[in-house]
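Chains, contacts and geometry: an overview
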Amino acid sequence: MPTQRELEEAACADGVIPLFTSDWIRETAIGKFIFEMVQNDRLTLQDLRVLVESPSVSDAHWQIVACAFDLKPLMDEYQLPIFSIPRTFLPPSFHKRVMHDSINWLDAYGDNVLHDGSTPARMRLIDAWLVPVCALYKGLVTDRPASRIPGKPQTWGVVEHAVYILQGAILLVMELKLSLKDKKDYVAQVLLELASAYKLNCDKGFEEQHRVFAVLTDLQDFYFFSYDGSTFSRGYEIMVSSCTREAFLRGMVEVAECFFSTILYGYISALEAVTINRSKQDRSIESWKPNKHRSLCVGATAPP
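Quick caveat, the model's predicted, so the values are computed rather than measured.

1. A look at the nonpolar core
Grouped together as the largest cluster of nonpolar side chains are 42 residues, with contacts concentrated most on W129, L171, F222, F248, F259 and I263. At eleven residues, the largest contribution of residues to this core is made by helix α10 (residues 245-287). In this structure, I263 is in contact with L130, V133, C134, Y137, V141, V163, I170 and L171, ignoring residues within four places of it in sequence. L71, A162, Y164 and Y223 belong to the second largest nonpolar core, which has 37 residues in total.

Below, the structure is given as structure tokens:
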């Protein structure tokens, strides 16, 4: 099997991938994961080029990724099985406080941000709901806003937020821009990001891993997906009206509760995985302990 550097050098030399993307492939988790798929013959170098450049035909990303994950490329994301999470309802006092704060956000950015999909401030509004939800866990769950990575392909949807527990990713929030490309291409990127995040969690040394979730949104439509290491699934689908400020704020109440429910499920699953892994480690250590009836002294005589 060729090494990553050998494949990368060959691809750059042949012009299959542009040189400016080599750092992205080498330094980011998703780039490394995609290149591993090339090494394992699940993707070709030509597939890699299509993934890191603007697709020449609609659904190019989806067709490649669907085949790589044994999905049907002629069908959309609705072929994925449904994985439902119990809905948790937050108290009215929480929603009242968040709604009051989010009004300040809308006052600062202006109501036009709800209709202008090109402004970066649009996705910043998600902080008004995601951050208070994460704060409910009193530091046990952390939100890490993603920084822009130099050399990252511009056709990719950006992971705006990554929610972590115990250094393992629970929830990814990705931006959806339907004006630029087909929705299925974004779903393909979600699947790659989910698989990459799951593998990154596995690389931390634990055998048991919790399910990883992702949300694809343009702040009007919210699509929830998840991955358990073998199967991709779809979950909540929410449409939030932005015709008026009041309608938007009412719709975001449901979104906040779905955020909380998803993170809560991931939080419990992560703790269960840690408990199982520690139990296995304890049993492994116990099996290596010396027998208490065995003499530990060299040359010791057996008792009469």
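2. What about the pattern of salt bridges?
Opposite charge on two side chains permits them to pair, given that their charged atoms come into close proximity. In the structure shown here, the tally under the stated rule is five salt bridges. Measuring nitrogen to oxygen at the nearest pair gives 2.8 Å for the salt bridge that ties R87 to E257. Of this pair, R87 sits in the loop between α5 (60-68) and α6 (92-109) while E257 sits in helix α10, placing them 170 residues apart in sequence. For R87, a relative accessible area of 32% gives the class partly exposed. Judged by relative accessible area, which is 5%, E257 ranks as buried. One salt-bridge network, held together by shared partners, links D107, D111 and R245.

3. Remarks on the sheet that holds strand β3 (residues 168-175)
Strand pairing within a sheet occurs via backbone hydrogen bonds; the two strands may be parallel or antiparallel. Pairing in this open sheet of six strands is mixed, and the strands run β1-β2-β3-β4-β5-β6 from one edge to the other. Both edges of this open sheet fall to β1 (142-145) and β6 (232-239), since each of them pairs with a single strand only. Going from strand to strand, the sheet's axes swing by 20 degrees on average, the running direction of each strand aside. Strand direction decides the pairing type here: strand β2 (residues 159-165) and β3, joined by six bridges, are antiparallel. Across the sheet, residue H161 finds its bridge partner in β3, namely V173.

4. What to know about unusual backbone geometry
In this model, D70 sits at a positive phi of 60 degrees, which is unusual for a non-glycine residue. Along the polypeptide, D70 turns up in the loop between α5 and α6. Given a relative accessible area of 72%, D70 falls into the exposed group. Even without a glycine there, the phi angle at K138 is positive, about 55 degrees. By the element assignment, K138 lies in the loop between α8 (127-135) and β1.

5. What about α8?
Most of α8 sits out of view: seven of its nine residues are buried. Every buried residue of α8 is listed here: D127, A128, W129, L130, P132, V133 and C134.

6. Details of the packing of α6 against α8
The geometry of α6 relative to α8 is characterised by a closest axis approach of 9 Å and an angle of 145 degrees between their N-to-C directions. Once α6 is placed against α8, the crossing between them reads as right-handed. Of the residues in α8, those in contact with F94, V98, S102 and W105 of α6 are D127, A128, W129, P132 and V133.

7. Points about helix α9 (residues 183-202)
Look at α9: 29 Å from first C-alpha to last across 20 residues, which is about the 28 Å you get at 1.5 Å a residue. With respect to burial, α9 is a largely interior element, 17 of its 20 residues being buried.

8. Concerning the pairing of β6
Looking along a regular strand, one sees side chains alternate from face to face of the sheet. Sheet analysis places strand β5 (residues 221-227) next to β6, joined by six bridges and oriented antiparallel. The partner of Y227 across the bridge, within β6, is F232. Connecting the antiparallel pair β5 and β6 is a turn made up of four residues, with G229 showing a positive phi of about 100 degrees.

9. Overview of the side chain of S242
Positionally, S242 belongs in the loop between β6 and α10. Among the residues examined, S242 registers a relative accessible area of 9% and is labelled buried. Engagement of the side chain of S242 in a polar contact is seen with the side chain of Q220, the distance being 2.7 Å. Those residues in contact with S242 that lie beyond four places of it in its chain are L114, H115, Q220 and F248.

About the cut-offs
- Residues numbered from 1 in each chain as written.
- Predicted model: local features only at pLDDT ≥ 70, side-chain atom pairs only at ≥ 80, totals over all residues.
- Heavy atoms only, no water.
- Core = buried A, V, L, I, M, F, W, Y, C linked by side-chain atoms within 4.5 Å.
- Buried < 20%, exposed > 50% of the residue type's maximum accessible area, 1.4 Å probe, protein only.
- Helix = DSSP H or I, 4+ residues; strand = E, 2+ residues; numbered from the N terminus.
- Contact = heavy atoms within 4.5 Å.
- Salt bridge = Lys/Arg side-chain N within 4 Å of Asp/Glu carboxyl O.
- Pairing = 2+ DSSP bridges.
- Axes fitted to C-alpha atoms, helices over the stretch in contact; angles between N-to-C directions.
- Left-handed = near helix turned anticlockwise from the far one by under 90°.
- Expected span 1.5 Å × (residues − 1).
- Polar contact = N/O pair within 3.5 Å; in protein donor to acceptor, adjacent residues only side chain to side chain.

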